[in-house]
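Structural characterization, general
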Amino acid sequence: MGVTPGECEQMIAAAGKAGVVLLEAFMYRTHPQTERLNELVAEGAIGALRTVRSSFCYGLGAGYNVRVDRDLRGGGLYDVGCYCINFSRMIAGGEPDDIQAVWTLGTETGVDETLGASLHFPNGVVAQFDVGLRGAGSAQAELLGTEGSIWVPAPWKPAADRAEIVVRRSGQVEEVVATANGGSVFALEAHHRAAVIAGESKQLIPAQNAVGNALVLDTIWRRMHG
């Protein structure tokens, strides 16, 4: 939504004053697969949550791209790390009290082209994620609990026709939890926003949630470039 927590706060205040809807565009949050994943965690399907792992990596071609513009806070962290951070905070159910990261800056771009980070939450959950712009693609997530794990092969763009997540419990046959005909994440996002504006639906992601995401992003960025 904004580059820093302060920018987000200003946007939230302006939207409130103008009486308009402000939503951060995390399209995956509107897909029923994400809703079902949250339900499984809340139901204790894998016991008490302990670890959240996620990745979002892809190969970016040569030449100028806005995603690697240092003046615009380019790099994998802001481009795709924001998804992993949002996911980790959503699953952990809070804000991290410790943030650690390591990275490799591009020799020509000066921005993070490979980055790994760890977040610790007050409830004891540890989240780890890695992002990258110059390597092979990887987009997945895994939740580890005291009694099992959940693997999410496509957390950011679930298949529109059949999205699957896998629940594994010790001593049991793994269970495939499928969401049939969930729809396109981008269409679902647009429909949700329209429904909120029309007063037909509660806002799925409160605008204030963006502040927590921006805080993590800004903290890591300042360590890299401060």
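The sections below set out a description of the structure shown in this document. (Residues numbered from 1 in each chain as written. Predicted model: local features only at pLDDT ≥ 70, side-chain atom pairs only at ≥ 80, totals over all residues. Heavy atoms only, no water.)

What about the environment of Ser55?
Take Ser55: it is sitting in strand E1 (residues 49–59). Taking the relative accessible area as the measure of exposure, Ser55 reaches 4% and is therefore buried. Along the primary structure Ser55 and His191 are separated by 136 residues, whereas in three dimensions their C-alpha atoms are 27 Å apart. (Helix = DSSP H or I, 4+ residues; strand = E, 2+ residues; numbered from the N terminus. Buried < 20%, exposed > 50% of the residue type's maximum accessible area, 1.4 Å probe, protein only.)

Regarding the sheet that holds strand E4 (residues 126–132)
If you walk across this open sheet you meet the 8 strands as E2-E3-E4-E1-E5-E6-E7-E8, and the pairing is mixed. With partners counted over all chains shown, the strands left at the sheet margins are strand E2 (98–105) and strand E8 (175–180), one partner each. Strand-to-strand twist of the sheet, defined as the mean angle between neighbouring strand axes without regard to direction, takes the value 15 degrees. The pairing of strand E6 (residues 148–152) with strand E7 (residues 162–169) spans 4 bridges and is classified as antiparallel. Within the sheet, the bridge partner assigned to Ile150 lies in E7 and is Val167. Those strands touched by helix H3 (residues 76–92) are E1, strand E3 (112–120), E4 and strand E5 (134–145), and its axis lies near 160 degrees from that of E1. Its contacts with the sheet put helix H5 (residues 209–225) on E2 and E3, and the angle it makes with E2 is roughly 50 degrees. (Pairing = 2+ DSSP bridges. Axes fitted to C-alpha atoms, helices over the stretch in contact; angles between N-to-C directions. Contact = heavy atoms within 4.5 Å.)

A word on the packing of aromatic side chains
Applying the stated criterion across every chain, the model contains 9 aromatic pairs. Centroid distance Tyr28 to Trp156: 5.4 Å. Interplanar angle 90 degrees. Geometry classified as edge-to-face. Of this pair, Tyr28 sits in the loop between helix H1 (5–18) and helix H2 (32–42) while Trp156 sits in the loop between E6 and E7; the two residues are 128 residues apart in sequence, bridging distant segments of the chain. Plain terms: the ring middles of Phe56 and Trp156 are 5.7 Å apart, the flat faces sit at 5 degrees to each other, and that makes the pair stacked. Here Phe56, found in strand E1, pairs with Trp156, found in the loop between E6 and E7; they are 100 residues apart in sequence, far enough to count as distant. (Phe/Tyr/Trp six-rings, centres within 6.5 Å; stacked < 30°, edge-to-face > 60°.)

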